[in-house]
Amino acid sequence: MQYFITGADGVIGTHVVRQLAGREGAVVTVLEGDIRDRTSVHAQLAAARPDVVIHLAALVPVKEVEADPAAAYAVNVGGTLHLMEGLAGLEKPPRVFYA
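A brief report on the enclosed structure follows. (Residues numbered from 1 in each chain as written. Predicted model: local features only at pLDDT ≥ 70, side-chain atom pairs only at ≥ 80, totals over all residues. Heavy atoms only, no water.)

1. Topic: the pairing of strand β2 (residues 27-30)
As paired strands, strand β1 (residues 2-6) and β2 are joined by four bridges and run parallel to one another. Considered in β2, the bridge of Phe-4 is made with Thr-29. For the crossover from β1 across helix α1 (residues 11-21) to β2, the handedness is right-handed. (Pairing = 2+ DSSP bridges. Helix = DSSP H or I, 4+ residues; strand = E, 2+ residues; numbered from the N terminus. Right-handed = clockwise from strand over helix to strand, strands pointing away.)

2. Structural notes on a nonpolar patch on the surface
A surface patch of nonpolar side chains, about 310 Å² in accessible area, is lined by Met-84, Val-96 and Tyr-98. Following the sequence through the fold, Tyr-98 ends up in strand β4 (residues 95-98). (Patch = residues over 30% accessible without salt bridge, like charges linked within 9 Å, V, L, I, M, F, W, Y side chains within 5 Å. Areas by Shrake-Rupley, 256 points an atom, 1.4 Å probe, with all protein chains shown as cover. Salt bridge = Lys/Arg side-chain N within 4 Å of Asp/Glu carboxyl O.)

3. Some details on the layout of surface pockets
Estimates place the volume of the largest pocket at around 450 Å³. Taken together, 20 residues form the lining of the largest pocket, with Gly-7, Ala-8, Leu-56, Ala-57 and Ala-58 sitting closest to its centre. Here the element with the most residues in the lining of the largest pocket is α1; it accounts for three residues. Taken together, the residues of the lining of the largest pocket sort by class into 13 nonpolar, five polar and two charged. Put simply, the second largest pocket is a space of about 170 Å³. Forming the boundary of the second largest pocket are Ala-46, Arg-49, Pro-50, Asp-51, Leu-90, Glu-91 and Lys-92. Taken together, the residues of the lining of the second largest pocket break down into three nonpolar, no polar and four charged. (1 Å grid on protein atoms, 1.4 Å probe; cavity = no way out; pocket = protein on both sides within 12 Å on 5 of 7 lines; lining within 4 Å. Points joined across faces, edges and corners; volume = space filled by probe spheres on them. Nonpolar A, V, L, I, M, F, W, Y, C, P; charged D, E, K, R; others polar.)

Dropping the structure here:
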């Protein structure tokens, strides 16, 4: 099974990657770079052709969000939109989980 994970460096993401990497037959691809980069997100999804997407990328710490609400919006909303647009372009839609 092909897994594509965003936010793999986060608290939840590191545990998810570790658990999936230990599964027989699991191929784990993590989003490299910035989820705000639409072209990169779309290209990585097309290359990975995942069966499952686990979307964990987000700007969460309240102090960071309050300090730069535009960045929080760009990551949390814009990044999710880029991911969904990329998924819509795949031949076979994967299952999507997000937190």
